[in-house]
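Report on the structure
Now for the letters of each chain:
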Amino acid sequence: MKTNYIKFNFLTALLLSACLLTACGSDGKQTNGQNDPSASSEADQTADQSVKDDVISYLPLEEGDVSPDFTATLTNGTEFTLSDQQGKVVLLNFWATWCGPCVREMPAFEKLYAEYGEDVAILAVNCMESVDIVKAFQEENEYTFPIACDEEGDIIMKYPSQGIPYTLVIDGEGVIQKIYVGAADADTQYQEYKEAIEAVSEGK
């Protein structure tokens, strides 16, 4: 299955990153137990660079990075493309129904969505659960803010993190301004996200 393939690639990348740290000297060149950099063939060096590039692609994003573009299918069947939100502040959240802190902060997104409407692009991306589970959760809680299903993990792999909930505030140019890992209660998160949205909107 593609899901297992994605998980395998991610874990492999982490293992390879550890291998690179032990196989490379402080200058980043592979030593192979020798001090002579010419000992590595051109093919080996090309392979090493390819591995390093793969590892870098799985490193967590940082504030100031450009947010990776993606298109997600919402629970109502429409699509959300990040690059189409140019000019708007985007509040992007990654979550799951089995994640307690994720569920507890959800009312904050509903309140922000009611307050800002289409002026702020709010999207909660569910992490690799079935559409049926996500729809049932949304309907049970009567949430109206946009929720997307990332069943195969394609979007998650572009936004690696140490855990969920994982929330980013992105400015109108697509640059990540704030990153949150974890969450408290809905009231606390509402205030934090609102302050961040206002600050980004005002260019602070």
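This text goes with the structure placed above it.
Residues numbered from 1 in each chain as written. Predicted model: local features only at pLDDT ≥ 70, side-chain atom pairs only at ≥ 80, totals over all residues. Heavy atoms only, no water.

**Some thoughts on the sheet that holds strand β7 (residues 176-181)**
Heads up, the rule is: One requirement defines pairing of two strands: DSSP has to find at least two bridges between them. Working definition: helices are DSSP H or I runs of at least four residues, strands are E runs of at least two. Numbering for both runs from the N terminus. Axes here refer to lines fitted to C-alpha atoms; in helices the fit is confined to the stretch in contact. Angles between the N-to-C directions go from 0 to 180 degrees.
Read across the open sheet, the 5 strands follow the order β5-β4-β3-β6-β7; overall the sheet is mixed. At either margin of the open sheet sits one strand with a lone partner, and together these are β5 (147-150) and β7. Averaged over neighbouring strand pairs, the angle between their axes works out to 20° when direction is ignored. In the sheet, strand β3 (residues 89-95) pairs with strand β6 (residues 166-170) via 5 bridges, with the strands oriented antiparallel.

**Quick look at the packing of aromatic side chains**
Test applied: Aromatic rings from Phe, Tyr and Trp, taking only the six-membered ring of Trp, are treated as a pair when their centres fall within 6.5 Å; an angle between ring planes under 30 degrees marks them as stacked, one over 60 as edge-to-face, and anything in between as tilted. Exposed residues in this analysis have more than 50% of their type's maximum accessible area, buried residues have under 20%, and partly exposed residues fall in between, with area computed by a 1.4 Å probe over protein chains only.
The tally for this structure, following the rule as stated, stands at 10 aromatic pairs. When the ring of Phe70 is compared with that of Tyr159, the centres are 5.9 Å apart and the planes differ by 90°; the resulting orientation is edge-to-face. Here Phe70, found in the loop between α2 (42-56) and β1 (71-73), pairs with Tyr159, found in the loop between β5 and β6; they are 89 residues apart in sequence, far enough to count as distant. Note on Phe70: relative accessible area 4%, which makes it buried. Pairing Tyr143 with Phe145 gives two aromatic rings, centres 5.3 Å apart and planes at 45°, and the pair type is tilted. For Tyr143, a relative accessible area of 11% corresponds to the buried category.

**Some thoughts on helix α3 (residues 100-116)**
Rules: Under the convention used throughout, the expected extent of a helix is 1.5 Å for every residue step, that is, one less than its residue count. The angle between axes fitted to the seven-residue stretch ending at a residue and the seven-residue stretch beginning at it gives the bend at that residue. Should any heavy atoms of two residues lie within 4.5 Å, those residues are considered in contact.
In this model α3 runs 26 Å from its N-terminal to its C-terminal C-alpha over 17 residues, within 8% of the 24 Å that 1.5 Å per residue would give. Of all the bends in α3, the greatest, near 30°, is centred on Met106, and the proline Pro107 appears no more than four residues after it. The complete set of buried residues in α3 reads Cys102, Glu105, Met106, Ala108, Phe109, Glu110, Leu112 and Tyr116. Its buried side turned inward, α3 meets β3, β4 (120-127), α4 (131-141), β6 and α5 (186-201). Backbone geometry just downstream of α3 places Gly117 in the positive-phi region, at approximately 60°.

**Structural notes on the environment of Asp132**
Take Asp132: it is sitting in helix α4. For Asp132, a relative accessible area of 62% gives the class exposed.

**Concerning the state of the cysteines**
Our working definition: We call a pair of cysteine sulfur atoms a disulfide when they lie within 2.5 Å.
Using the criterion set out here, one finds 1 disulfide in the structure. The residue that forms a disulfide with Cys99 is Cys102, at a sulfur-sulfur distance of 2.4 Å. Taking the sign of the S-S torsion, about 75° here, the bridge from Cys99 to Cys102 comes out right-handed. Each member of the pair Cys99 and Cys102 is classed as buried. There is no disulfide at Cys127, and the cysteine sulfur nearest it, in Cys102, is 7.3 Å away.

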